[in-house]
Amino acid sequence: MLPQLLAYLLEIIKSQHQIIVYLIGALLGKSLSRKDMDEPVRKPYRKLQVDDLPIIDVPETLDYRQLLADYEARHGRPLPPIQRWDNAKHRVPDSLTCPRCQAPSSYLYANNGGKGQYQCKVCQCRFNHRNRFKKQAVFRCPHCFQTLEKIKERKDYYIYKCKNNDCPFYQKNLRRMSQKERQRFQQNPQAFKVRYLFREFLFDFQPLAPSSPKKPKVDLSRLAVSSHTLGLVLTYYVNYGMSSRQTAGIMKDVHGVSISHQTVLNYANSVALMIQPFVDQFPYELSGSFCGDETYIRVKGRWHYLFFMFDAVKKVVLSYRVSPHRDTLSAIRAIDDVLRKLPSIPDDLSFVVDGNPIYLLAQHFFAQHGIPFDVRQVIGLTNEDPVSEEFRALKQIIERFNRTFKGNRTFKGNRTFKGNYRPTHGFGAEEGSVSFVTLFVAYFNFLRPHGALEGRVPVVIPELADLPHMPARWTKLIAMAQDFLQQEAA
C-alpha cells in the first residue's frame, strides 16, 4: 500500500511541476521545458571581430569668454553679437552653441542660406546640426591614419569604417584570401570583413559617476528581534547558503525564534542596501592585478549573468553586477566599478578576461572617454597563444572564486552548477538576487578566512577580527555600515 501511495504522490508532484513550467512560460511569453528550468543556456560568444582602438583626435577646445576678452584687448572694443536679418533662412536655434568654443547662438550665423551649416563669429568654426559632435572628437584608422567614415547608425552605437583602399589593414586582408574567396568577394563583398571598423557607443552612462543610494524597506533600527538574531539569520542565509525557508526553519527548530521566510528576505534586502555603500566605497589596498568573468544565476525562472571583477592578489571582489544580458553595457558597468575604487588610473592598468568580445568593446567605450587600459583575453582551455599562457593563472583565480560562490553541491548529472545561490529554485525577484550577491561579497571581503591568505580575511578590520563568532561580526559590520552612511550624510 505504501509504495502505491508514494507512486501516486510522485505523479502528482510531476503534474504540478508541468503546470508550474507552463504558467512560467505563459507569463514570460514562451514555452519552457524541464531542461530550460534546470540548465543554463550556454550561448557561444557572438562571432564579432573587434579591431584595434582607433586614433582619437580631440580638437583643441576654446573658451568663447576668453576669446572675447582677447578680442577686446586687441581692438579696444568688444566683439558685437550678430545682427540678424528678419528672414527664416538666417535664423539660428536659441539652444545651439558652438561645439568648439561653446559660444551662444547670438554669435552664430547661418553660413549657407538656411541649408544647415553654421559658423561661429568668435572662433570661425564651421559645423552643421548633423556633424557638430564630430568637432569634439575625430576617429582615425590606426593603420593608415585616415579619418573614419560613419556608415551605420544603431540604437546604442554608430559604426565607422576606413574606406581607404590603400590601407595596410585592408590590403593585408585581401592578400590573405584564397582564389575561391576572392571570387566570392567579387560577387558578394558584404560577406567578408576586410576593412577596419570601429563602434562608437552612445550609452547614457557616465564613467566614474557616483551612484545614488536606495533606501531599505525595513528600518533595521526598529527590528522586533535582537541584533544577535539578525546576525544568526545572515550567517545561515549567506555563509552557509541556506534558502530563506531553511533559514526560518532552523531559527525556529534550533533557536526557538519564530520568523517567516519572507521576513528573512526582508532582512537580507534591507541589510544589503545598507551595507552596499560601505562595500563599494571602502578604501581597499589593491594590487593592480584584476581579472573578470561571468557566471550564471537564476532569477524568476530565467538564467541571468553575474559579472565579477576581482583583485587576484588581495582576493577582494570589486564588482558584482547581475544582468539579464551578457552584453557590452554590463561589461562597462562592471569595469567602471573597479575604476571607481582606484585612487587614480595607472598607466599600466589591464584586465584579464575570457574571449568574450564585449570586454574589448568596453575598452573602446572607456577610451572614448579618455580612460585607457589593456584587456588580456585568455581564450579556450589550452594555451594556444602567448597571452593565454601568460595570464591563465589569473583567469583561473576568478573561476575558482565562481566555484566558491556557487558552493559544493552537484546540480545535475556530471555537471556541477554548485548551489550557494539556490540551485533548485533560484531567486523569485531581481532584488533578491542582487541582495544575496551583495551580502555574499561583504562576507567574502570582510568576514570569510581565505586559504591563500594563510587563513586571514581579504580585508582585515581589527574591530571585526576580535569578535568571538560570526553573528557578532555581522552585527558589527552592519553597525560600521550605518556609521558610514551617517558620515556620508553629514
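Preceding this section is the structure that the text describes.
Residues numbered from 1 in each chain as written. Predicted model: local features only at pLDDT ≥ 70, side-chain atom pairs only at ≥ 80, totals over all residues. Heavy atoms only, no water.

Caption draft 1: Broad picture of the sheet that holds strand β7 (residues 157-161). The 3 strands are arranged β6-β7-β8 in an open sheet whose pairing can be described as antiparallel. Each edge of the sheet is formed by a strand with only one pairing partner; in this case those strands are β6 (149-153) and β8 (197-201). Sheet twist, expressed as the mean angle between neighbouring strand axes with direction ignored, is 30 degrees. With 4 bridges connecting them, β6 and β7 associate as antiparallel partners. Across the sheet, the residue bridging to Glu149 is Lys161, located in β7. (Pairing = 2+ DSSP bridges. Helix = DSSP H or I, 4+ residues; strand = E, 2+ residues; numbered from the N terminus. Axes fitted to C-alpha atoms, helices over the stretch in contact; angles between N-to-C directions.)

Caption draft 2: Region of the structure containing helix α14 (residues 470-489). In this model, α14 (20 residues) spans 29 Å end to end at C-alpha, consistent with the 28 Å of a helix rising 1.5 Å per residue. Along α14, the residues classified as buried are Met470, Pro471, Trp474, Leu477, Ile478, Met480, Ala481 and Phe484. For α14, the secondary structure elements touched by its buried residues are α6 (227-239), α8 (261-281), α12 (430-446) and α13 (462-465). (Expected span 1.5 Å × (residues − 1). Buried < 20%, exposed > 50% of the residue type's maximum accessible area, 1.4 Å probe, protein only. Contact = heavy atoms within 4.5 Å.)

Caption draft 3: Expanded view of the environment of Phe192. Position of Phe192 relative to the elements: it lies in the loop between α5 (179-187) and β8. The spacing of Phe192 and Glu181 is 11 residues in sequence and 9.0 Å in space, taken between C-alpha atoms. Non-local contacts of Phe192, meaning those with residues more than four positions away in its chain, are made with Met177, Glu181, Arg184 and Phe185.

Caption draft 4: Focus on the packing of aromatic side chains. This model, assessed by the stated rule, comprises 29 aromatic pairs. Consider the rings of Phe139 and Tyr160, whose centres lie 5.3 Å apart with planes at 65 degrees: the pair is edge-to-face. Taken as a pair, Phe139 in strand β5 (residues 138-140) and Tyr160 in strand β7 lie far apart in primary sequence, 21 residues in all. Comparing Phe139 with Tyr160 shows no difference in burial state: the two are buried. Within the aromatic cluster, the residues linked to one another by ring pairs are Tyr237, Phe308, Phe310, Phe401, Phe405, Phe436, Phe440, Tyr443 and Phe444. Positioned above the aromatic ring of Tyr158 is the side chain of Lys150, whose terminal nitrogen or guanidinium carbon lies 3.8 Å from the ring centre. Positioned above the aromatic ring of Tyr170 is the side chain of Arg195, whose terminal nitrogen or guanidinium carbon lies 3.9 Å from the ring centre. (Phe/Tyr/Trp six-rings, centres within 6.5 Å; stacked < 30°, edge-to-face > 60°. Lys NZ or Arg CZ within 6 Å of the ring centre and 35° of its normal.)

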